[in-house]
Amino acid sequence: MKVLSVASEIQPLVKTGGLADVAGALPAALGPLGVEMRTLVPGYPAVLAAAKGGRKARAYADLFGGGAAVVEAQAAGLSLLVLDAPHLFDRPGGLYGNGADWPDNWRRFAALARAAADIAADGAPAWRPDVLHAHDWQAALAPAYLRYGAAPRFPSVVTIHNLAFQGHFPASIFPELGLPPQAMSVDGVEYYGGVGFLKAGLQAAGAITTVSPTYAREIRTPAFGMGLDGLLNLRGESVVGILNGIDTEAWNPAADPYLAAAFSARTLGARARNRRTVEERFGLEPGGEPIACVISRLTWQKGMDVLAGEFDRLLGAGLRLAILGSGDRALEGALLAGAARHRGRAGIVVGYDEELAHLMQGGCDAILLPSRFEPCGLTQLYALRYGCVPVVARTGGLADTVIDANEAAVSAGAATGLMFTPGNGDALADACGRMVELHGDRRAWAAMQRQGMRADVSWGRSAARYADLYRSLVSKG
Ligand code: ADP
């Protein structure tokens, strides 16, 4: 089984969030199941540098305004197909913009989708996929190009990593997409009078997946559907939730080069050295109060406004805070101000730092995820594996992966974290209060850490579900 995965970011080469982790980890998880996955990615500068010496597999004299090529390359253990299109991707700055979105994002990701559909229809050319797997809006036009082009029945899957990002553009771009006029219709790419990339993919794909069972249910309701709940309900039987796993080699507390001290469930005491390093990095005075961390985009979705609003109350409840993140400028400011008010007990690093993220998971006592919605969430999975107790809002993948420390779960030894109602400051403060109390009971706390470390957060089961899905699409095709 050969699968062409199409993603706008991939770990360890280019990453802004969880999509990169998933795109980077899936191929290795699928290999042992007889699925050979290659990933088509944009030729950003970091990707081109890693993919030097690749072989040209396709060439375009003009792909959305310039010459382009698809280059086959191996990089960082991944089999890549790199869309080398300098006019679209070879520029300094962020993957999707610099502050504001790049104005030509529709052209950049239509080109990615076009190349994906061409590879699906005619091969690379020595490598011919059986299934196309498109991730998020940036790849979602690919099934639409297939549907209205050379291979209308080609098996395809679209995975929604976050329904909040849909790739919605004005109708004026339609003539440049190279789709036939009939595609500009309600059951095609048209969306509220414009063009919707994700919507087009959801309409055209053979199957739709999202990254947790709870989010798969939530997005079919108006509260979480972001305008697409109607369509997702129409396609109801094709929408499934497959929980993300994590790369258990890159995230292994027993052999993590970014920790001050490696540890396992049997040597939890060694976490103390990581904790001291966290205290130093965040300017926290040494002490016995639990350190709760945040490793996150600082946005409304992640509930960072709720956290900022409760800052003083949480610090008053007997915990310390270490925050790593960047995002919304106003939220950065509010959290910086909170940390300044509680110097020595709260610290914040504004920015993106993969190594520090590992250290925090291995040294902090708990991680806070007050998300308003969370398709899957990966940081709570890393936390479980690192004995860092997740304190999470009851939504999406958070609800599917954490077992709340209610009385019954604690006495049964099943609890792995704490859960509270999303978008609610009182609920967040309550959960943090419960966390501080539980932390005071050394034995109960260590039992919860160990129970979390026993949870299966690997790709094992979920990779098998993707493999089954690919096979069922091919047999239907
Ligand atoms: P999302 O994709 O919505 O941002 P996820 O939880 O699915 O959220 O994935 C976030 C990923 O990005 C995780 O791997 C997390 O460790 C990482 N991450 C987020 N913010 C930072 C940061 N400031 N520094 C380092 N890693 C971060």
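Residues numbered from 1 in each chain as written. Predicted model: local features only at pLDDT ≥ 70, side-chain atom pairs only at ≥ 80, totals over all residues. Heavy atoms only, no water.

Draft legend 1. Representation of the overall build of the protein chain within the structure. Each helix and strand in the protein chain was counted, giving 19 helices and 20 strands. Principal axes of the C-alpha set define a box for the protein chain whose edges measure 65 × 45 × 40 Å. Within the protein chain, the proportion of its 477 residues that are buried is 59%. Here the protein chain holds 44 positive side-chain charges and 45 negative ones, and the gap between their average locations is 4 Å. (Helix = DSSP H or I, 4+ residues; strand = E, 2+ residues; numbered from the N terminus. Buried < 20%, exposed > 50% of the residue type's maximum accessible area, 1.4 Å probe, protein only. Lys, Arg positive; Asp, Glu negative; His and termini not counted. Charge placed at Lys NZ, Arg CZ, Asp CG, Glu CD.)

Draft legend 2. Main features of the site of the ligand. Close to the ligand lie 19 residues; Lys15, Gly18, Arg297, Lys302 and Gly351 are nearest. Lysine 15 places a side-chain nitrogen or oxygen 2.8 Å from an oxygen atom of the ligand. Between the ligand and glycine 18 there is a distance of 2.6 Å, counted from an oxygen atom to a backbone nitrogen or oxygen. Look at the ligand: alone it shows 560 Å² of surface, and the protein chains cover 92% of it. Sorting the residues of the shell around the ligand by element identifies helix H1 (18-30), strand E15 (291-298), strand E16 (320-327), helix H13 (354-363) and helix H14 (379-385) as the ones contributing at least two each. (Near = heavy atom within 4 Å. Polar contact = N/O pair within 3.5 Å; in protein donor to acceptor, adjacent residues only side chain to side chain. Areas by Shrake-Rupley, 256 points an atom, 1.4 Å probe, with all protein chains shown as cover.)

Draft legend 3. A look at the sheet that holds strand E10 (residues 168-169). Reading across from one edge, E10-E12-E11 is the order of the 3 strands in this open sheet, with antiparallel pairing throughout. With one partner strand each, in any of the chains shown, E10 and strand E11 (190-191) form the two edges of the open sheet. Strand direction decides the pairing type here: E11 and strand E12 (residues 194-196), joined by 2 bridges, are antiparallel. Paired with glutamate 190 across the bridge in E12 is valine 195. Contacts between helix H6 (residues 197-204) and the sheet are confined to E10, E11 and E12, with E12 contributing the most and set at about 60° to the helix. (Pairing = 2+ DSSP bridges. Contact = heavy atoms within 4.5 Å. Axes fitted to C-alpha atoms, helices over the stretch in contact; angles between N-to-C directions.)

Draft legend 4. The arrangement of the domain arrangement of the protein chain in detail. One can read the domain layout of the protein chain as domain 1 (2-245 + 459-476) and domain 2 (268-454). Its C-alpha centre places domain 1 at a distance of 33 Å from the equivalent point of domain 2. The interface of domain 1 with domain 2 comprises 20 residues on the first partner and 17 residues on the second. Of the roughly 1,300 Å² buried between domain 1 and domain 2 on both sides combined, carbon and sulfur atoms contribute 59%. When the buried surface of domain 1 facing domain 2 is broken down by residue, Lys15, Thr214 and Leu243 rank first, second and third, together holding 25% of it. Connecting domain 1 to domain 2 are 1 salt bridge. Lysine 15 serves as the salt-bridge partner of glutamate 354, at 3.5 Å between the closest nitrogen and oxygen. Linking domain 1 to domain 2 there are 10 residue pairs in polar contact (both at pLDDT 80 or more). Contributions of two or more residues to the side of domain 1 that touches domain 2 are made by H1 and helix H7 (213-218). A per-element tally of the side of domain 1 that touches domain 2 places H7 first, with 4 residues. Tallied by class, the residues present in the side of domain 1 that touches domain 2 amount to 8 nonpolar, 9 polar and 3 charged. (Domains from an automatic or database assignment. Buried area = accessible area lost by both parts, 1.4 Å probe. Salt bridge = Lys/Arg side-chain N within 4 Å of Asp/Glu carboxyl O. Nonpolar A, V, L, I, M, F, W, Y, C, P; charged D, E, K, R; others polar.)

Draft legend 5. Molecular detail of helix H4 (residues 105-122). For H4, spanning 18 residues, the distance from its first C-alpha to its last is 26 Å, which sits close to the expected 26 Å at 1.5 Å a residue. Counting buried positions over the 18 residues of H4 gives 14, a clear majority of the element. Glycine 123 occupies a position one or two residues after H4 and carries a positive phi of about 85°. (Expected span 1.5 Å × (residues − 1).)

Draft legend 6. Here's a closer look at the nonpolar core. Counting 82 residues, the largest nonpolar core has Leu40, Leu83, Leu132, Leu141, Leu177 and Phe197 as the members making the most contacts within it. The greatest single-element share of this core, amounting to 11 residues, is contributed by H4. Those residues in contact with leucine 83, other than ones at most four positions away along the chain, are Leu40, Val41, Pro42, Gly43, Leu63, Ala68, Ala69, Val70, Phe89, Ala111, Leu112 and Ala115. Counting residues in hydrophobic clusters, the runner-up holds 38 residues, among them Met304, Leu307, Phe311 and Met448. (Core = buried A, V, L, I, M, F, W, Y, C linked by side-chain atoms within 4.5 Å.)

Draft legend 7. The arrangement of unusual backbone geometry in detail. For the peptide bond that leads from glutamine 11 to proline 12, omega is 10°, which places it in the cis range. Position of proline 12 among the secondary structure elements: in the loop between strand E1 (2-6) and H1. The linkage connecting alanine 124 with the following residue, proline 125, adopts the cis geometry, with an omega of 5°. Tracing the chain through its elements places proline 125 in the loop between H4 and strand E8 (131-135). Residue alanine 76 is not a glycine yet carries a positive backbone phi of 50°. As for its position among the elements, alanine 76 is in the loop between strand E4 (68-75) and strand E5 (78-84). For aspartate 136, which is not a glycine, the phi torsion comes out positive at approximately 65°. Structurally, the position occupied by aspartate 136 is in helix H5 (residues 136-147).

Draft legend 8. Up close: the side chain of asparagine 105. Residue position: asparagine 105 is located in helix H4. Its relative accessible area of 4% is what places asparagine 105 among the buried residues. Once residues lying within four places of it in the same chain are set aside, the contact partners of asparagine 105 are Tyr96, Trp137 and Phe169.

Draft legend 9. Here's a closer look at the packing of aromatic side chains. As enumerated under the stated definition, the model contains 13 aromatic pairs in all. With centroids separated by 6.4 Å and ring planes inclined at 45°, the aromatic side chains of tryptophan 459 and tyrosine 466 adopt a geometry described as tilted. Both residues of the pair, tryptophan 459 and tyrosine 466, count as buried. Pairing tyrosine 466 with tyrosine 470 gives two aromatic rings, centres 6.3 Å apart and planes at 25°, and the pair type is stacked. Separated by 4 residues within a single helix, tyrosine 466 and tyrosine 470 lie in helix H19 (residues 460-476), roughly one turn from each other. Taken individually, tyrosine 466 and tyrosine 470 each receive the classification buried, so the pair is uniform in this respect. (Phe/Tyr/Trp six-rings, centres within 6.5 Å; stacked < 30°, edge-to-face > 60°.)

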